[in-house]
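# Inside the fold
What follows is the residue order along each chain.
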Amino acid sequence: MKERPLDIAGSSRADALARLERLARGQDGVATRTQARTVGLTDDRLRRLVAAGILARIGTNAFRLLGAPSTPLGDVRGLVLDVGGDAVACRATAAALHGLDGFRLAPPYDVAVGRGRHVNRIGHRIHTVTRLPDADRATVSGIAVTGVERTLVDVARNARPDEVTAAVDGALRDRLTTEDSLHRRVAVLRGPGRAGIGAVIRALEGLEITKGGHSWLEREFLRLVAEAGLPRPVTQAALARAGDHLVRVDAVFPGTRVVVEVLGYRYHRTAAHMARDAQRTNALLAQGYEPYQFTYRQVVDTPHDVVATVRAALDRAA
């Protein structure tokens, strides 16, 4: 959260305090040491104001005005201001600020800072992050927070499946994010150690099942095909048998043997999954089909390559 500097050249001590009070009233009664210095109040003057009861020290670098009520929102604002720098509210605290279902604003509060900073605040949780790009940052009520998509992933690591589903469903319902935006951010955030990704993916998959129809990834592939001017494929067609099961494919292009499968969002493939996929692919090849598989990341990150591959296959089949 950026502090608001004031230009007070030539102001008296009383005027400086009045300016600090006006600034603090726009911040739930909270102001920082840096803001106080900006308006002309020295550290010695701040100590005197605290001793006189005009200011209450609420952190290493933050103060609350006399008479300003202590509210959860003000306490979080004060904590983020007190930590300063690149600090943002995160995890359960960010979830509550965004209004995600199942979360309320209550201590201990969660704040994230960049790796390399050594910050500790008794009674609260300070987390370090290697990188927090602009896409993962937002502002709620003037408080710097992690964005909705990043927040959902972060809270999912410790939440129950039903809690994750409720939070994801509520975020979509309240238009805090969209299914498309959440899927795309999940694709970027996927990686080792990001424990919440799998839980968010499972919640999205569960919501898609309840809605019926194609998955988001299948719909995204169909959109790419349509935008490229390629023929619309037949979806969910049963083309072969693998053992006792029908092989139902995501897409087959009419008049050709070109088949496309999109591999979903999961990044952990078990031995059973790989064996089943191999069996399906072999059954399609045995029937003379030309199967292509595209991963989540390929569809999202390199759509032009996906389209080019499909176009080339259709051209050969013509």
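Here, the structure is the one placed above.
Anyway, here's the lowdown on the structure attached to this text. A quick note: this is a predicted structure, and the numbers were derived from the prediction, not measured.

Let us look at the overall build of the protein. Helices and strands together make up the secondary structure of the protein, namely 13 helices and twelve strands. Here the C-alpha coordinates of the protein stretch approximately 85 × 35 × 35 Å along the principal axes. Considering the protein as a whole, with its 318 residues, one finds that 45% of them fall into the buried category. Look at the contacts in the protein between residues 6 or more apart in sequence, and 59% of them connect residues 24 or more apart. Looking at the protein as shown, the accessible area adds up to about 16,100 Å², and 52% of this sits on carbon and sulfur atoms.

Hydrogen bonding along the main chain pairs the strands of a sheet, whether they run parallel or antiparallel. One open sheet holds the three strands; their spatial order is 1-3-2, and the pairing between them is antiparallel. Either end of the sheet is taken by a strand with one partner, and the two such strands are strand 1 (30-32) and strand 2 (55-57). Neighbour-to-neighbour, the strand axes of this sheet turn through a mean angle of 35 degrees, independent of strand direction. Relative to the sheet, helix 3 (residues 43-51) contacts strand 2 and strand 3 (62-65), its axis offset from that of strand 2 by approximately 100 degrees.

Before going further, it helps to examine the sheet that holds strand 11 (residues 258-262). Here four strands make up an open sheet; going across it, the order is 9-10-11-12 and the pairing mixed. Strands with a single pairing partner mark the edges of an open sheet, and in this sheet they are strand 9 (234-242) and strand 12 (290-294). Ignoring which end each strand starts from, the neighbouring axes of this sheet average 45 degrees apart. Judged from the seven bridges that link them, strand 9 and strand 10 (residues 245-252) form a sheet pairing that is antiparallel.

What follows concerns unusual backbone geometry. Omega for the bond connecting Pro 107 with Pro 108 falls within 30 degrees of zero, at 0 degrees, which places this linkage in the cis form. By the secondary structure assignment, Pro 108 is in the loop between helix 5 (91-98) and strand 5 (110-114). One non-glycine residue, Arg 91, lies in the positive phi region at around 50 degrees. You can see Arg 91 is positioned in helix 5. The partly exposed category is assigned to Arg 91, whose relative accessible area is 22%. The phi dihedral of Ser 141 falls on the positive side, at around 55 degrees, and the residue is not glycine. When you line up the elements, Ser 141 lands in the loop between strand 7 (137-140) and strand 8 (143-146). Using a relative accessible area of 48% as the deciding quantity, one classes Ser 141 as partly exposed.

As a further point, take the pattern of salt bridges. The full count for this structure, using the stated rule, is 26 salt bridges. Note that Glu 220 is salt-bridged to Arg 184, the shortest N-O span being 2.6 Å. Of this pair, Glu 220 sits in helix 10 (residues 216-227) while Arg 184 sits in helix 8 (residues 179-189), and the two are 36 residues apart along the sequence. Residue Arg 184 is classed as partly exposed on the basis of its relative accessible area, which comes to 26%. Across the pair Arg 223 and Glu 220 runs a salt bridge, and its minimum N-O distance is 2.6 Å. A residue pair is termed a helical-turn pair when its members lie 3 or 4 positions apart in one helix, as Arg 223 and Glu 220 do in helix 10 at three residues. By relative accessible area, which is 33% here, Arg 223 ends up partly exposed. Connected through shared salt-bridge partners, Asp 136, Arg 150, Asp 154, Arg 157 and Arg 185 make up one network.

Time to look at the nonpolar core. A general tendency of soluble globular proteins is for nonpolar side chains to be buried together. Leu 152, Val 168, Val 200, Phe 221, Phe 253, Val 260 and Val 310 are the most contacted members of the largest nonpolar core, which totals 45 residues. The biggest single contributor to this core is helix 9 (residues 196-211), with seven residues. Contacts of Leu 152, omitting those with residues within four sequence positions, involve Leu 100, Ala 167, Val 168, Ala 171, Leu 182 and Val 200.

Another aspect to go through is the packing of aromatic side chains. Describing an aromatic ring pair means giving the distance of the ring centres and the angle of the ring planes. Inspection of the entire model under this criterion finds two aromatic pairs. Seen in terms of ring centroids, Trp 216 and Tyr 296 are 6.0 Å apart; in terms of plane orientation they differ by 40 degrees. Their pairing is tilted. Placement of the pair is Trp 216 in helix 10 and Tyr 296 in helix 12 (residues 296-301), with a sequence separation of 80 residues. With respect to burial, Trp 216 and Tyr 296 carry one shared label: buried. Ring geometry for Phe 221 and Phe 294: centres 6.5 Å apart, planes at 25 degrees, overall stacked. Here the residue Phe 221 occupies a position in helix 10, and Phe 294 occupies one in strand 12, the gap between them amounting to 73 residues. Across from the ring centre of Tyr 289, 3.9 Å away, lies the NZ or CZ of Arg 257, which sits over that ring.

What follows covers the side chain of Thr 151. Within the fold, Thr 151 resides in helix 6 (residues 148-156). Excluding its chain neighbours within four sequence positions, the residues that come into contact with Thr 151 are Arg 91, Ala 94, Ala 95, His 98, Leu 100 and Thr 146.

Cut-offs used in this document
Residues numbered from 1 in each chain as written. Predicted model: local features only at pLDDT ≥ 70, side-chain atom pairs only at ≥ 80, totals over all residues. Heavy atoms only, no water. Helix = DSSP H or I, 4+ residues; strand = E, 2+ residues; numbered from the N terminus. Buried < 20%, exposed > 50% of the residue type's maximum accessible area, 1.4 Å probe, protein only. Contact = heavy atoms within 4.5 Å. Areas by Shrake-Rupley, 256 points an atom, 1.4 Å probe, with all protein chains shown as cover. Pairing = 2+ DSSP bridges. Axes fitted to C-alpha atoms, helices over the stretch in contact; angles between N-to-C directions. Salt bridge = Lys/Arg side-chain N within 4 Å of Asp/Glu carboxyl O. Core = buried A, V, L, I, M, F, W, Y, C linked by side-chain atoms within 4.5 Å. Phe/Tyr/Trp six-rings, centres within 6.5 Å; stacked < 30°, edge-to-face > 60°. Lys NZ or Arg CZ within 6 Å of the ring centre and 35° of its normal.

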